[in-house]
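So you can see what is in the structure, the chains are spelled out below.
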Amino acid sequence: MNPTIYTIILLSLATGTIVTMTSFHWLMAWVGLELNTLAIIPIISTLHHPRSTEAATKYFLTQAAASAMILFSSMINAWNTGTWDITQMSYAPSNILLSLALALKLGLAPAHFWLPEVLQGSTLPTAFIIATWQKLAPMSLIYMTMNNLPSTILLMLGLTSSTIGGWSGLNQTQTRKIMAYSSIAHLGWMAVIASIMSNIMIMNLLVYLMMTTALFLSLICSKSKTIQDTATTWTTSPTLAIIMMLTLLSLGGLPPLTGFLPKWLVLEELIMQNLIPMATAMAMSALLSLFFYLRLTYSTTLTLSPNTLQMKFKW
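Owing to the predicted nature of the structure, the values given are computational and were not obtained by experimental measurement.

## What to know about the packing of aromatic side chains
For the structure shown, the criterion picks out 4 aromatic pairs. Note on Tyr59 and Trp114: the rings are 5.6 Å apart at their centroids and 70° apart in plane angle, and the pair reads as edge-to-face. Of this pair, Tyr59 sits in helix 3 (residues 50–81) while Trp114 sits in helix 5 (residues 114–121); the two residues are 55 residues apart in sequence, bridging distant segments of the chain. For the pair Tyr59 and Trp114, a shared accessibility class is recorded, and that class is buried. Ring centres of Phe128 and Phe216 lie 5.8 Å apart, and the angle between their planes is 45°; on these two criteria the pair is classed as tilted. Placement of Phe128 in helix 6 (residues 124–131) and of Phe216 in helix 10 (residues 198–222) is noted, with a sequence separation of 88 residues between them.

Encoded structure:
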């Protein structure tokens, strides 16, 4: 793609997110979301390949449907309360509709089916944008409407996302699909804590963005599209392999690493609210995710790929 056009598209992407994050009127928030969607479609379909075209179409349809639902719920709210203010969502049916629309937009289970497909159909850098930057605008809307969203629905969405994200990631061999399910599981943790303590949700989001960025950049550097590809990372750069191992273990949420902090705070807060079965279920679902992170770690750094000792390393 022409660098000028690519720059304009990336600027539009940034503008869309910023418009949504800074707006107080529902119409402006919707405009920001639409701008965001329209800017990323050409980025997904730059590869002139049936898979990327399919991914772009799937992405466009789901995002357009979710945006329309958001607009519809805000219209119902405006009709009943007479205000278009994002923070004044006081009509219950429109709140339920809004939480389902945001779940579809983020890719929370059970509305998650588009996310792995779209990530698999796009290149690693594009998948990286979808898994990180594209989550900011919907999360900011959740943050702004937090006091009114039905907490039961959010808790249920969070639990199903965390479980399905862990379960479905188990039998994947493609790194992009693994990252998609990892994203679904992490968003589940954010949805669970959102209605209880929004500060922890923001911290969770920041930690997720940081770790996902690190891992995607490692995958892009080593050009690893499948688990088999990661096995040869150490011949290119042993340092990268070690960083990748630490990032993966951190994403899994192992104690001394950063990724453990959000999980620990979420579980602590759930127990404080007396949601002990919920906390137990979330902790169990984290084990599922941990399994496939460990499998990636194992193939990256803990095993030597079959080779003769006389071979020359790239480094």
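That was the structure; now back to the text.
## A few points about helix 1 (residues 3–22)
In a regular helix each residue adds 1.5 Å, so 20 residues correspond to 28 Å; helix 1 covers 28 Å between its end C-alpha atoms and thus fits that length. Residues of helix 1 that are buried make contact with helix 2 (26–44), helix 6 and helix 7 (136–145). Between the side-chain oxygen at the start of helix 1 and the backbone nitrogen of Thr4 there is a gap of 3.1 Å, and the oxygen is on Asn2.

## Description of a nonpolar patch on the surface
Judged by side-chain polarity, Met1, Ile5, Tyr6 and Leu10 come together as a nonpolar surface patch covering roughly 340 Å² of accessible area. By the secondary structure assignment, Leu10 is in helix 1. We classify Leu10 as partly exposed; its relative accessible area is 33%.

## Re unusual backbone geometry
Of note, the bond from Ala109 into Pro110 is cis; its omega dihedral lies within 30 degrees of zero at 5°. Among the structural elements, Pro110 can be located in the loop between helix 4 (92–106) and helix 5. With a phi close to 50°, Lys223 is a non-glycine residue in the positive phi region. The topology assignment puts Lys223 in the loop between helix 10 and helix 11 (227–230). Residue classification places Lys223 among the exposed positions, given a relative accessible area of 67%.

## Examining the pattern of salt bridges
Following the criterion strictly, the structure yields 2 salt bridges and no others. Residue Glu54 is joined to Lys58 by a salt bridge in which the shortest nitrogen-to-oxygen separation is 2.8 Å. Linking Glu54 with Lys58, this pair stays in helix 3, spanning 4 residues, or about one helical turn. In this structure, the salt-bridge partner of Glu117 is Lys58, at a minimum N-O distance of 3.5 Å. Of this pair, Glu117 sits in helix 5 while Lys58 is found in helix 3, placing the two residues 59 residues apart along the sequence. Its relative accessible area of 30% is what places Glu117 among the partly exposed residues. Since its relative accessible area comes to 28%, Lys58 is described here as partly exposed. Through salt bridges with shared partners, a single ionic network connects Glu54, Lys58 and Glu117.

The rules behind each value
- Residues numbered from 1 in each chain as written.
- Predicted model: local features only at pLDDT ≥ 70, side-chain atom pairs only at ≥ 80, totals over all residues.
- Heavy atoms only, no water.
- Phe/Tyr/Trp six-rings, centres within 6.5 Å; stacked < 30°, edge-to-face > 60°.
- Helix = DSSP H or I, 4+ residues; strand = E, 2+ residues; numbered from the N terminus.
- Buried < 20%, exposed > 50% of the residue type's maximum accessible area, 1.4 Å probe, protein only.
- Expected span 1.5 Å × (residues − 1).
- Contact = heavy atoms within 4.5 Å.
- Polar contact = N/O pair within 3.5 Å; in protein donor to acceptor, adjacent residues only side chain to side chain.
- Patch = residues over 30% accessible without salt bridge, like charges linked within 9 Å, V, L, I, M, F, W, Y side chains within 5 Å.
- Areas by Shrake-Rupley, 256 points an atom, 1.4 Å probe, with all protein chains shown as cover.
- Salt bridge = Lys/Arg side-chain N within 4 Å of Asp/Glu carboxyl O.

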